[in-house]
Amino acid sequence: MKFWPFVLVLLLAPGLAGAQTEPAAGPQPAETRPPYQVPLFELPEQASLCGERVPLERRHVYEMLDREFQLSVYDHAQVVMWLKRANRYFPAIEQELKAAGLPDDLKYLAVAESALKLYAYSKAGAAGVWQFIRATGRRYGLDRSSHQDERFDFDEATRAALRYLKDLHAMFGKWSLAMAAYNCGEERVRREVEDQGVADYYLLDLPQETERYVFRILAAKLILENPKAYGYDPARMRLYEPLEVETIEIRLKRATHLRLIAEAAECCFKELKDLNPSLRGKYLPAGTHRIRVPAAGAKNFERRLADLGGSAAAPARPPRIESSRAESGERVYVVEKGDTLSHVAERLNVSVEHLQRKNGLKSSVIRVGQKLAY
């Protein structure tokens, strides 16, 4: 009985019996804590956009760019999707920029606008990769009807956006101001330049969204130009490859369901819609249309469509020439149902601006039966 106190002490104090104890709570010595794992990325000392130097020595310019850069570079999912989509869509944009003689950096504007999402649509009604509102889209030849909205057409909208940006640069003389005007409108930028007496984007007081806009484009450029510097390795990603498609022109004698057109193109309804995001609804009306189909399904498309009984189809026709004027050597195209000015320009291998200048057009609106000299 006299040994019980000793046994009780051993049971209540296991440390005395050699038992292991939990480490004390609270701060641990620095050498025992895991190292800080998140890398810290800083802006480069110099930056430029479309050949224009960015004045990073100005405190507010540095901080504005730093904000957009930090918000973007640590948004891992967003940057990964930028890189995947850029691999598919940048080559086509770069080709158009080169053909138009415009700075390659303008491709980053599409990233800031839509993250290169074909079906992007804003609360303000801006649509497509280049986020055209209806009025501006119409001004630059992007047709919107019951069966299509060309603002969602990647190729057409890209060419329209580059024409618009070129016009804006001609107005303001600087790409930074042109991009600001793309965001909030040329009239707003012109008014602010006149009121403030400053023709410098980095010194102008503009709407908050527009003040951030060019810096968002810059942030996208910095990251996508050198992704490895910020922990992103495209070589380890499954990037989206450019699509193997062919644009064909078909003439339909009657309204035709897209399902039949998809069958003729040897694809499914959804694939046809995804290749042609500008198409609305499920039918194409009678008339001439340009659609994208899988490259493998372009050959013998017309024959297959006719065999399916959807509608008679025929390959593209040469431009119709008005004989009374052809004799004098002047070529004239007669506008047909389904034509848009941009489509006519492409068929005739001339620019939209050439047709507008040649025919005294103040907009891109044309009507059936109208005669266009080219």
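These numbers come from a predicted model, not from an experiment. (Residues numbered from 1 in each chain as written. Predicted model: local features only at pLDDT ≥ 70, side-chain atom pairs only at ≥ 80, totals over all residues. Heavy atoms only, no water.)

**Here we look at the packing of aromatic side chains**
Think of a pair of aromatic rings as described by two things: how far the centres are apart, and how the planes are tilted against each other in angle.
Reasoning step 1: Under the criterion given, the structure shown has 14 aromatic pairs.
Reasoning step 2: Here Phe132 and Tyr182 contribute two aromatic rings whose centre-to-centre distance is 6.3 Å and whose plane-to-plane angle is 65 degrees, an arrangement assigned as edge-to-face. Taken as a pair, Phe132 in the loop between helix 4 (107–114) and helix 5 (134–139) and Tyr182 in helix 7 (residues 175–184) lie far apart in primary sequence, 50 residues in all. Considered together, Phe132 and Tyr182 belong to a single accessibility category, that of buried residues.
Reasoning step 3: With a centroid separation of 5.4 Å and an interplanar angle of 40 degrees, the aromatic rings of Tyr164 and Tyr182 are classed as tilted. Of the two residues, Tyr164 is situated in helix 6 (residues 154–172) and Tyr182 in helix 7; the sequence distance between them amounts to 18 residues. Across the pair, Tyr182 and Tyr164 agree in class, each one buried. (Phe/Tyr/Trp six-rings, centres within 6.5 Å; stacked < 30°, edge-to-face > 60°. Helix = DSSP H or I, 4+ residues; strand = E, 2+ residues; numbered from the N terminus. Buried < 20%, exposed > 50% of the residue type's maximum accessible area, 1.4 Å probe, protein only.)

**Describing the environment of Leu142**
Reasoning step 1: Here Leu142 lies in the loop between helix 5 and helix 6.
Reasoning step 2: With a relative accessible area of 5%, Leu142 lands in the buried category.
Reasoning step 3: On a C-alpha basis, the gap between Leu142 and Asp153 in space is 8.7 Å, while along the polypeptide they are 11 residues apart.
Reasoning step 4: When sequence neighbours within four positions are dropped, the list of residues in contact with Leu142 reads Phe132, Gly137, Glu150, Arg151, Glu156, Ala157 and Ala160. (Contact = heavy atoms within 4.5 Å.)

**Here's the deal with the packing of helix 4 against helix 9 (residues 208–225)**
Reasoning step 1: For the pair helix 4 and helix 9, the least separation of the axes is 8 Å and the interaxial angle reads 115 degrees. With respect to each other, helix 4 and helix 9 are oriented roughly perpendicular. The handedness of the crossing between helix 4 and helix 9 comes out as right-handed. Of the residues in helix 9, those in contact with Tyr108, Leu109, Val111, Ala112 and Glu113 of helix 4 are Tyr213, Arg216, Ile217, Ala220, Lys221, Leu224 and Glu225. (Axes fitted to C-alpha atoms, helices over the stretch in contact; angles between N-to-C directions. Parallel < 35°, antiparallel > 145°, perpendicular 65-115°, else oblique. Left-handed = near helix turned anticlockwise from the far one by under 90°.)

**Remarks on the nonpolar core**
Reasoning step 1: If you look at the biggest cluster of nonpolar residues, it comprises 70 residues, and the most contacted ones within it are Phe69, Leu116, Trp130, Met179 and Tyr182.
Reasoning step 2: Contributions of two or more residues to this core are made by helix 2 (59–73), helix 3 (76–100), helix 4, helix 6, helix 7, helix 8 (186–196) and helix 9.
Reasoning step 3: For this core, the element with the highest residue contribution is helix 9, accounting for 10 residues.
Reasoning step 4: Residue contacts for Met179: discarding those within four places in its chain leaves Leu49, Cys50, Leu106, Leu109, Tyr213, Val214 and Ile217.
Reasoning step 5: One finds Ile250, Leu272, Ile291 and Ala298 within the second-largest nonpolar core, a separate group that totals 18 residues. (Core = buried A, V, L, I, M, F, W, Y, C linked by side-chain atoms within 4.5 Å.)

**Topic: the packing of helix 6 against helix 7**
Reasoning step 1: Where helix 6 contacts helix 7, the two axes come as close as 8 Å, and the packing angle between them is 125 degrees. The angle between the axes of helix 6 and helix 7 places the two elements in the oblique class. Note on packing geometry: the crossing formed by helix 6 with helix 7 is right-handed. Taking contact as the criterion, the partners of Ala161, Tyr164, Leu165, Lys166, Leu168, His169 and Phe172 in helix 6 are, on helix 7, Trp175, Leu177, Ala178, Ala181 and Tyr182.
Reasoning step 2: Its residues placed into classes, the contact of helix 6 with helix 7 shows 10 nonpolar, 1 polar and 1 charged. (Nonpolar A, V, L, I, M, F, W, Y, C, P; charged D, E, K, R; others polar.)

**Observations concerning the confidence of the model for the chain**
Reasoning step 1: Put simply, the chain has an average pLDDT of 86, and 83% of its residues get 70 or more.
Reasoning step 2: The low-confidence segment residues 7–22 (pLDDT under 50) makes 2 contacts with residues lying over four places distant or belonging to another chain.
Reasoning step 3: A low-confidence stretch, residues 312–319 stays under pLDDT 50, and its non-local contacts, those more than four residues away or across chains, total 24 contacts. (pLDDT = per-residue confidence, 0-100.)

**Some points on unusual backbone geometry**
Reasoning step 1: One non-glycine residue, Gln131, lies in positive phi territory at about 55 degrees.
Reasoning step 2: Structurally, Gln131 is set in the loop between helix 4 and helix 5.
Reasoning step 3: The residue Glu266 is not glycine, and still its phi comes out positive at about 60 degrees.
Reasoning step 4: Mapped onto the elements, Glu266 comes out in the loop between helix 10 (258–264) and helix 11 (269–275).
Reasoning step 5: Glu266 gets classed as exposed once you look at its relative accessible area, which sits at 52%.

**Regarding the pattern of salt bridges**
Reasoning step 1: Counting across every chain of the model gives 22 salt bridges.
Reasoning step 2: For Asp104, the salt bridge identified is with Lys107, shortest N-O distance 2.8 Å.
Reasoning step 3: Residue classification places Asp104 among the partly exposed positions, given a relative accessible area of 35%.
Reasoning step 4: Residue classification places Lys107 among the buried residues on the basis of a relative accessible area of 7%. (Salt bridge = Lys/Arg side-chain N within 4 Å of Asp/Glu carboxyl O.)

**Digging into the side chain of Arg212**
Reasoning step 1: Mapped onto the fold, Arg212 is located in helix 9.
Reasoning step 2: If we skip the residues at most four places from it in the chain, Arg212 touches Met64, Arg67, Glu68, Leu71 and Tyr201.

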